[in-house]
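Listed below are the residues making up each chain.
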Amino acid sequence: MALDFSDISWDFQVLEERIPHPLKGGEYIDGLKAIINGNTNEVLHVAGENYTVLHNLDVVEALKASIKGANVSQDCEFSVKSVDDGRKLVCEVLYPDVTIEPKVGDFTQFRVRAYNSYDGKWPFSEECDGVRLICDNGMVSPLMISAQRLRHTTSINIEGVSHRIVKNFEMFQTQQEVWSKMMLTKVDKKQCLEFFKKRVCFNQGKTTKEPYSLKQFARLSDQLNYEMGIHGPTQWALYNCLTFWSTHTGEYANPEVTTRARERLVRDAMKSSAWHDLELV
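Description of the structure in this document. (Residues numbered from 1 in each chain as written. Predicted model: local features only at pLDDT ≥ 70, side-chain atom pairs only at ≥ 80, totals over all residues. Heavy atoms only, no water.)

Here the focus is the environment of Ala114. Along the chain, Ala114 falls in strand 7 (residues 106–117). Ala114 sits 39 residues away from Asp75 along the chain, and the two C-alpha atoms are 18 Å apart. (Helix = DSSP H or I, 4+ residues; strand = E, 2+ residues; numbered from the N terminus.)

Two numbers describe how helix 5 (residues 235–247) lies on helix 6 (residues 255–271): the axes approach to 8 Å, and their chain directions differ by 155°. Relative to helix 6, the element helix 5 lies roughly antiparallel. Across from Tyr239, Leu242, Trp245, Ser246 and Thr247 in helix 5, the residues of helix 6 making contact are Thr259, Arg262, Glu263, Leu265, Val266 and Met270. Here the contact of helix 5 with helix 6 is built from residues that sort into six nonpolar, three polar and two charged. (Axes fitted to C-alpha atoms, helices over the stretch in contact; angles between N-to-C directions. Parallel < 35°, antiparallel > 145°, perpendicular 65-115°, else oblique. Contact = heavy atoms within 4.5 Å. Nonpolar A, V, L, I, M, F, W, Y, C, P; charged D, E, K, R; others polar.)

For helix 6, spanning 17 residues, the distance from its first C-alpha to its last is 24 Å, which sits close to the expected 24 Å at 1.5 Å a residue. Turning to helix 6, its buried residues number three or more, namely Thr258, Thr259, Arg260, Arg262, Glu263, Val266, Arg267, Ala269 and Met270. (Expected span 1.5 Å × (residues − 1). Buried < 20%, exposed > 50% of the residue type's maximum accessible area, 1.4 Å probe, protein only.)

Attention now goes to the packing of helix 3 (residues 189–200) against helix 5. Interhelical geometry of helix 3 versus helix 5 gives an angle of 40° and a closest axis separation of 12 Å. Relative to helix 5, helix 3 is oriented oblique. In this structure, helix 3 crosses over helix 5, and the sense of that crossing is right-handed. Across the interface between the two elements, Cys192, Phe195, Phe196 and Val200 from helix 3 touch Leu238, Cys241, Leu242 and Trp245 from helix 5. (Left-handed = near helix turned anticlockwise from the far one by under 90°.)

Take the environment of Leu278 next. Position of Leu278 relative to the elements: it lies in the loop between helix 7 (273–277) and strand 11 (279–280). Classification of Leu278 by relative accessible area gives buried; the value is 4%. When the C-alpha atoms of Leu278 and Thr234 are compared, they prove to be 9.8 Å apart, with 44 residues separating the residues in sequence. Setting aside chain neighbours within four positions, we find Leu278 in contact with Lys186, Val187, Asp188, Gln191, Cys192, Phe195 and Leu238.

What follows concerns the sheet that holds strand 2 (residues 14–20). The strand order across the open sheet built from three strands is 2-3-4, with neighbouring strands paired in antiparallel fashion. The open sheet has two edge strands, strand 2 and strand 4 (43–48), and neither has a second partner. Across the sheet, the mean angle from the axis of one strand to that of its neighbour is 30°, orientation sign disregarded. Taken together, the five bridges between strand 3 (residues 28–37) and strand 4 define a ladder with antiparallel strand orientation. Bridge assignment links Ala34 to a residue of strand 4, and that residue is Val46. (Pairing = 2+ DSSP bridges.)

A few words on helix 1 (residues 56–70). Its 15 residues place the ends of helix 1 21 Å apart at the C-alpha level, agreeing with the 21 Å of an ideal helix rising 1.5 Å per residue. Buried residues along helix 1 sit against strand 5 (77–83), strand 6 (88–103), strand 7 and helix 2 (158–184).

Pasting the structure below:
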């Protein structure tokens with residue numbers, strides 16, 4: 001297992017301190033506490049007194065043990081990244097020798113990710129999917145087993161994580177057949193555009209009268225034109241349009257946060273009946 005710990009900003013002492021009352025000297029606010037980065041003294045979160053901190057180091061160690069227990073392959077690359085000024089954590093495990101090839105020369109690599117946060121936004125969870133190497137798209141799938149999400153605990157069930165990784169690995173191997181079918185499934189472009197409005201970028205337009213984001217709709221439309229130019233009017237083109245949109249978020253202040261939010265949207269959209277209604281028979 002190749003470990004990349006070049007970013008060590010995620011590993012810091014976490015302090016939990018009572019919050020002084022701003023108007024009553026010497027008194028504290030009942031029921032609240034501050035979660036503080038012990039290295040920088042920055043307040044990461046104001047939480048209820050029952051909020052339980054799950055430390056990043058425990059998440060990293062648990063994922064390492066889970067990966068070892070799953071024994072998918074000895075050849076894997078493990079990296080850890082601090083996100084949102086230390087408030088969030090992303091662990092990523094890539095398997096260079098575990099790939100599928102739905103189209104000649106178009107490889108997708110198996111990936112496991114785990115998340116944690118000190119701001120209460122990301123309870124611990126792990127997710128499995130693929131990375132399309134030709135364009136670095138994260139290939140989310142609605143078929144993968146739902147990730148474990150833990151709040152208010154310091155205990156991670158390593159055996160359970162290992163089990164889900166193995167099951168998701170088995171499902172990943174079937175994706176080649178799923179994606180090959182997508183390449184042969186025709187879709188209507190106009191229906192795809194309506195799908196974007198209702199299922200992907202809905203309720204995001206805050207400065208317009210439209211119930212969707214005009215900016216994101218334009219980006220999705222442009223990307224769909226590009227993908228259909230390469231792959232034709234197929235479900236595979238639509239799928240790659242969605243995964244490209246969810247993955248390529250480098251212009252945002254916290255791209256990992258935006259990517260994760262978009263991947264959830266794409267995954268949920270693909271689970272809907274509207275996704276299957278796009279198929280032309």
